[in-house]
There are 4 protein chains.
Amino acid sequence: MKKRQVHASVKDEKLIEKRRDQMIKGAVSLFKEKGFHRTTTREIAKEAGFSIGTLYEYIRTKEDVLYLVCDRIYDQVGERLQEELDMKRGNLESLKAAISFYFRVMDDMQDEVLVMYQEAKSLSKDALPYVLNKELEMVAMFEQVIRNCMEAEGMKLPEQEIQLMAHNIFVQGQMWGFRRWVLHKHFKLEDYIAGQIELLLNGLTKGENVKHGSISSN
Amino acid sequence: MKKRQVHASVKDEKLIEKRRDQMIKGAVSLFKEKGFHRTTTREIAKEAGFSIGTLYEYIRTKEDVLYLVCDRIYDQVGERLQEELDMKRGNLESLKAAISFYFRVMDDMQDEVLVMYQEAKSLSKDALPYVLNKELEMVAMFEQVIRNCMEAEGMKLPEQEIQLMAHNIFVQGQMWGFRRWVLHKHFKLEDYIAGQIELLLNGLTKGENVKHGSISSN
Amino acid sequence: MKKRQVHASVKDEKLIEKRRDQMIKGAVSLFKEKGFHRTTTREIAKEAGFSIGTLYEYIRTKEDVLYLVCDRIYDQVGERLQEELDMKRGNLESLKAAISFYFRVMDDMQDEVLVMYQEAKSLSKDALPYVLNKELEMVAMFEQVIRNCMEAEGMKLPEQEIQLMAHNIFVQGQMWGFRRWVLHKHFKLEDYIAGQIELLLNGLTKGENVKHGSISSN
Amino acid sequence: MKKRQVHASVKDEKLIEKRRDQMIKGAVSLFKEKGFHRTTTREIAKEAGFSIGTLYEYIRTKEDVLYLVCDRIYDQVGERLQEELDMKRGNLESLKAAISFYFRVMDDMQDEVLVMYQEAKSLSKDALPYVLNKELEMVAMFEQVIRNCMEAEGMKLPEQEIQLMAHNIFVQGQMWGFRRWVLHKHFKLEDYIAGQIELLLNGLTKGENVKHGSISSN
DNA sequence: GATGAATGAGTGTTCATTCAT
DNA sequence: TATGAATGAACACTCATTCAT
């Protein structure tokens, strides 16, 4: 899916990049605090460090800011995840590592993810599919990791359950951000990661040594 | 946590109940379509079947409508779930039944849940805790079901993992609604329920016959 | 051509009529002074005697005000002219009377006509044809008066010249308003009327006694 | 009346001339399409072929552009008319020729005239008199042609009617442009010219052969 | 209790103009 | 002399809320 272009009146590409960086950074911080709708374009401009007129040299509508924010966040998460996955071979260990890495990224980008998560629905019918597609790509990455893992470990899981597991991993990563109000009270990141991996994978390791020894029947 | 009172100028309690029913019904339908911020109070009044003046006889601010909506939805979900749980004894089967029932309720109330999910963050700092608390109560209900189940089946799971699993169940129920754009393309409700139960519980049933036979180590 | 409806949020037709009267009166005065584009909606509201919010209860866009103004002016001019024409039989005298009457109306409504004349072009592609059509109707009224006159007096003029003469009369009426900066310096209304009638009709009265005796070939 | 000077930062007179030519050409085309107020300075600069910064090296305000445009148009019309009149002796034939020539010029410069006609009112109180004065000069030229004609043909017309006739000629020329939406549907330029000349002059030719034989009493 | 006209602070967006490079 | 990024005052329009009837 081709990247949706956001129009800028300014020509200098380097400058556009720089200004949009400022803009996105400011916007994320404001959106986190008060949400997209309660944030004014003037506030975004001010937070970014320039005037309202300048803001509109780099976007066409307020919604463009939201799109830019979502686009940026997905790119960053996606890139970091891709890098990690490229390095691994694809056995059970690397699945765990991928999940762990992803959860850490989500922890790292909590604010951004929370914003995107809550505000993405405000994107226009035009921009939304592009953003949703990025989600699917990330889910697909997890699917592939799971498949590689299954093969390496000689396991089998119905295709639908692989998809479901991938979705679950993806959502649980976000969950650490958007349910922080409760989760962070009861879990440290390490515990959350360990716990979720345990819950996700204990079925896969049935009959083997359960690493964290957390479940024992009888 | 005591119920937050929404002020009404009108005295007749029966009337208040009736008017708020109309209001909530209309609001849910509008919020679903365009979100809380893009819906005007006039539209809510019109959809509810009375004038803007009358609307303000039963609420003080627009946000009150959102609160009323969220409150109502949680109450409905909570009540239905409680009823179901009261009927069961608490073994593995009833855990599965509870999850299944909860997922079906979420499917049934998809629109409402989606709305609440996306708009709850717009609640004031005053109203939000009350609503979040309702979430916690529901999560706690699942925790209890899981604990009952563990005991009945003679299993053990660390307290943290029980909490985590309860959260996962809760979020996966919502997920069926808020990720419908992709999930409904690949899963029928029955498959989704079966698949999630499988993934959630396969670790608990290690060594037993796996019902859906979906996992087999070499 | 059916009347273009301007949307009002307010229901009470009497009130709409009253408020729009205020609005049009204020707008004409402002448009005359600074033109449509340099007049702000707030100024219109203020001049009309109510708030900006109230203004927008009776129109949808600023352009609606212009349309309302143009519509009203044409209606008034048209009605007054029609009344006059209905009373006359249609000989040369009544043609003169009609021209004279029309010029007086234009003098009376100078401000309005000037405004309409200069700002009508700012109407949307949607509203313009409706207004232009009203012009044509008025021109057609003059055509008919001329034709009646020709017949009554036993004269003949090619159809095209009748049309042209009607256009000329129409424009010369407006001209008294939009070229007032020069005409009013050199002519009193009476002189302007007498002079134009003389110039318009001297050809028709060739060979008869020329009433104002203004032309005499050696 | 001395020419109003428009300030330029640039010194090179040749360059100023060249840039303003570009500017005026672009502006006329834009004003014609969307009017003065709806045209932005950026658009003018772009259409002229240089940057917004450069535009402001040759003018001080947007209104200067309008003034420059109006000035240029009047100069062109005036010059062409003067040339024509200088060649004629001043009898009835040359009056007709002058009118005919003027109407053709107005047809030729329709766009420019329309623009000027509709937008001149947007000139500042400062610039307007200068432009209006140019109109008066042109009207005066017609007055003189008429007077010459009267004398040459041994006719008499009161001074006021000469002035009026001159105004009428002037306005009828513009009318061909600003009422084109209706006139061009019913008249070819030739017919319009012939018709108007007929109507304008038939009174003057009473008792002679009426060229187009269009009027006959009894 | 019900109505809906009135209000005006607030919002997204534009655009003439400036000035450092 | 030419450029175009930056500015911010100004604008059209919206909408939650009030209150007289």
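As the structure is a prediction and not an experimental result, all values here were calculated from the model.

Rules of the game
Residue numbers run consecutively from 1 along every chain, following the written order of its sequence. Here chains are named by letter from A upward and ligands by number from 1 upward, in the order in which they appear as written. Selection of residues for local features in this predicted model requires a pLDDT of at least 70, selection of side-chain atom pairs for listing and counting requires 80 or more, and totals for whole chains, interfaces and linings are taken over all residues. The basis for every side-chain value is the complete set of non-hydrogen atoms in the structure, without hydrogens or water. The contact definition used throughout considers only heavy atoms, calling two residues in contact when any of these lie within 4.5 Å. The rule is short: rings of Phe, Tyr and Trp, with Trp giving its six-membered ring, pair when the centres are within 6.5 Å, and they are stacked under 30 degrees, edge-to-face over 60, tilted in between. Note on conventions: DSSP H or I runs of at least 4 residues are helices, E runs of at least 2 residues are strands, and numbering of each starts at the N terminus. Working definition: with a 1.4 Å probe on protein chains only, accessible area under 20% of the residue-type maximum means buried, over 50% means exposed, and in between means partly exposed. By definition, being over a ring means that NZ of Lys or CZ of Arg is both within 6 Å of the ring centre and within 35 degrees of the ring normal. Whether a residue is near a molecule or strand is decided by its heavy atoms; if any one of them lies within 4 Å of it, the residue is near. Counted as a polar contact is a pair of N or O atoms within 3.5 Å, where, for protein atoms, one must be capable of donating a hydrogen and the other of accepting one, and residues adjacent in sequence contribute only when both atoms are in side chains. Only Asp, Glu, Lys and Arg are considered charged in this grouping, and only Ala, Val, Leu, Ile, Met, Phe, Trp, Tyr, Cys and Pro are considered nonpolar; every other residue, Gly among them, is considered polar. In short, buried area is how much 1.4 Å probe accessible area vanishes from two parts on joining, totalled over both. By definition here, a salt bridge exists when the distance from a side-chain nitrogen of Lys or Arg to a carboxyl oxygen of Asp or Glu is within 4 Å. The copies were overlaid with a least-squares fit restricted to C-alpha atoms from residues scoring a pLDDT of at least 70 in each copy. Under the convention used throughout, the expected extent of a helix is 1.5 Å for every residue step, that is, one less than its residue count. UniProt positions are given in the numbering used here, feature names are shortened, and annotations may be inferred rather than shown by experiment.

1. Here we look at the arrangement of the chains
Here comes step 1: Separated throughout, chain A and chain C approach each other most closely at a C-alpha pair spaced 21 Å apart.
Here comes step 2: One thing to see here is that chain B and chain D don't touch, and their nearest C-alpha atoms sit 30 Å from each other.

2. With respect to the packing of aromatic side chains
Here comes step 1: Tallying each qualifying case throughout the model produces 42 aromatic pairs over all chains.
Here comes step 2: Measuring from ring centre to ring centre gives 5.6 Å for Phe103(A) and Tyr192(A), while their planes differ by 35°; the resulting arrangement is tilted. Of this pair, Phe103(A) sits in helix H5 (residues 92-108) while Tyr192(A) is found in helix H10 (residues 189-201), placing the two residues 89 residues apart along the sequence.
Here comes step 3: Since its relative accessible area comes to 1%, Phe103(A) is described here as buried.
Here comes step 4: Members of the aromatic cluster, joined through ring pairs, are Tyr102(A), Phe103(A), Phe142(A), Phe170(A), Trp176(A), Phe187(A) and Tyr192(A).
Here comes step 5: Over the face of the ring belonging to Phe36(C) we find Lys62(C), whose NZ or CZ atom lies 4.6 Å from the ring centre.
Here comes step 6: Stacked on the ring of Tyr67(D), the Lys or Arg Arg4(D) has its end atom at 4.6 Å from the ring centre.

3. Here's the deal with the protein's contact with DNA strand E
Here comes step 1: Near DNA strand E lie 41 residues; those nearest to it are Tyr56(A), Val10(B), Lys11(B), Arg19(C) and Tyr58(C).
Here comes step 2: Backbone atoms, meaning sugar plus phosphate, form 63% of the atoms of DNA strand E positioned within 4 Å of the protein.
Here comes step 3: Within the backbone of Gly53(B), a nitrogen or oxygen atom sits 3.1 Å from a base nitrogen of DNA strand E.
Here comes step 4: Ser51(C) is positioned with one of its backbone polar atoms (N or O) 3.3 Å from a phosphate oxygen of DNA strand E.
Here comes step 5: Counting only elements with at least two residues in the surface near DNA strand E, the list comes to helix H2 (41-48) and helix H3 (52-58) of chain A, helix H1 (13-38) and helix H3 (52-58) of chain B, helix H1 (13-38) and helix H3 (52-58) of chain C together with helix H2 (41-48) and helix H3 (52-58) of chain D.
Here comes step 6: Classifying every residue of the surface near DNA strand E gives 14 nonpolar, 15 polar and 12 charged.

4. Regarding the environment of Ile99(B)
Here comes step 1: Summarising the element assignment, Ile99(B) is placed in helix H5 (residues 92-108).
Here comes step 2: Each residue touching Ile99(B), except ones within four places of it in the same chain, is listed here: Ile169(B), Ile197(B) and Leu200(B).

5. Some details on the protein's contact with DNA strand F
Here comes step 1: Taken together, 40 residues form the shell around DNA strand F, and within it Arg19(A), Arg42(A), Tyr58(A), Lys11(D) and Arg19(D) come nearest.
Here comes step 2: Backbone sugar and phosphate groups make up 62% of those atoms of DNA strand F lying within 4 Å of the protein.
Here comes step 3: Between Arg42(A) and DNA strand F, the recorded distance is 2.5 Å, taken from a side-chain N or O atom to a base nitrogen.
Here comes step 4: Within the contact set of DNA strand F, a phosphate oxygen lies 3.3 Å away from a backbone nitrogen or oxygen of Ser51(A).
Here comes step 5: Elements supplying a minimum of two residues to the surface near DNA strand F: helix H1 (13-38) and H3 of chain A, helix H2 (41-48) and H3 of chain B, helix H2 (41-48) and H3 of chain C together with helix H1 (13-38) and H3 of chain D.
Here comes step 6: Counted by class, the surface near DNA strand F contains 14 nonpolar, 15 polar and 11 charged residues.

6. Section: the interface of chain B and chain A
Here comes step 1: The interface of chain B with chain A comprises 52 residues on the first partner and 52 residues on the second.
Here comes step 2: Summed over both sides, the interface of chain B with chain A buries roughly 4700 Å², with 58% coming from carbon and sulfur.
Here comes step 3: Applying the counting criterion to the chain B and chain A interface returns three salt bridges.
Here comes step 4: A salt bridge links Glu135(B) to Arg179(A), with the nearest nitrogen and oxygen atoms 2.5 Å apart.
Here comes step 5: In this structure, the connection of chain B to chain A is made through 11 residue pairs in polar contact (both at pLDDT 80 or more).

7. A closer look at the relation of the copies chain B and chain A
Here comes step 1: The transform that puts chain B on chain A rotates by 179° and translates by 0.1 Å along the axis, for an RMSD of 0.3 Å. These values place the two chain copies in the arrangement generated by a two-fold rotation axis.
Here comes step 2: A share of 100% of interface residues in chain B that are also interface residues in chain A marks the association as one of identical surfaces.

8. Re helix H8 (residues 159-178) of chain C
Here comes step 1: Between its first and last C-alpha atoms H8(C) spans 28 Å; for 20 residues at 1.5 Å apiece the expected length is 28 Å, and the two agree.
Here comes step 2: When you tally the buried positions in H8(C), you get 18 out of 20 residues, the bulk of the element.

9. Notes on the side chain of Arg179(D)
Here comes step 1: Locating Arg179(D) in the fold gives a position in the loop between helix H8 (159-178) and helix H9 (180-186).
Here comes step 2: Among the residues examined, Arg179(D) registers a relative accessible area of 2% and is labelled buried.
Here comes step 3: When residues no more than four places from it in sequence are discounted, the contact partners of Arg179(D) are Glu135(C), Val139(C), His167(C), Phe170(C) and Val171(C).

10. What about the UniProt feature "DNA-binding region" (unreviewed entry) in chain A?
Here comes step 1: Those places that UniProt annotates as "DNA-binding region" (unreviewed entry) correspond, in this numbering, to residues 40-59 of chain A.
Here comes step 2: As a span, residues 40-59 of chain A carries 75% helix and 0% strand, and end to end its C-alpha atoms are 14 Å apart.

11. A look at the pattern of salt bridges
Here comes step 1: Here the structure, examined in full by the defined rule, presents 66 salt bridges over all chains.
Here comes step 2: Here Arg42(B) and Glu57(C) are joined by a salt bridge, their closest N and O atoms 3.7 Å apart. With Arg42(B) in helix H2 and Glu57(C) in helix H3, this residue pair bridges two chains.
Here comes step 3: The class of Glu57(C) is partly exposed, set by a relative accessible area of 25%.
Here comes step 4: The partner of Asp21(D) in a salt bridge is Arg72(D), and the shortest N-O contact between them spans 2.7 Å. With Asp21(D) in helix H1 and Arg72(D) in helix H4 (residues 62-87), the pair connects residues that are 51 residues apart, well separated along the chain.
Here comes step 5: Classification of Asp21(D) by relative accessible area gives partly exposed; the value is 28%.
Here comes step 6: We classify Arg72(D) as partly exposed; its relative accessible area is 24%.
Here comes step 7: Put simply, Lys3(A), Asp71(A), Asp75(A) and Lys134(A) are held in one network by salt bridges that share partners.

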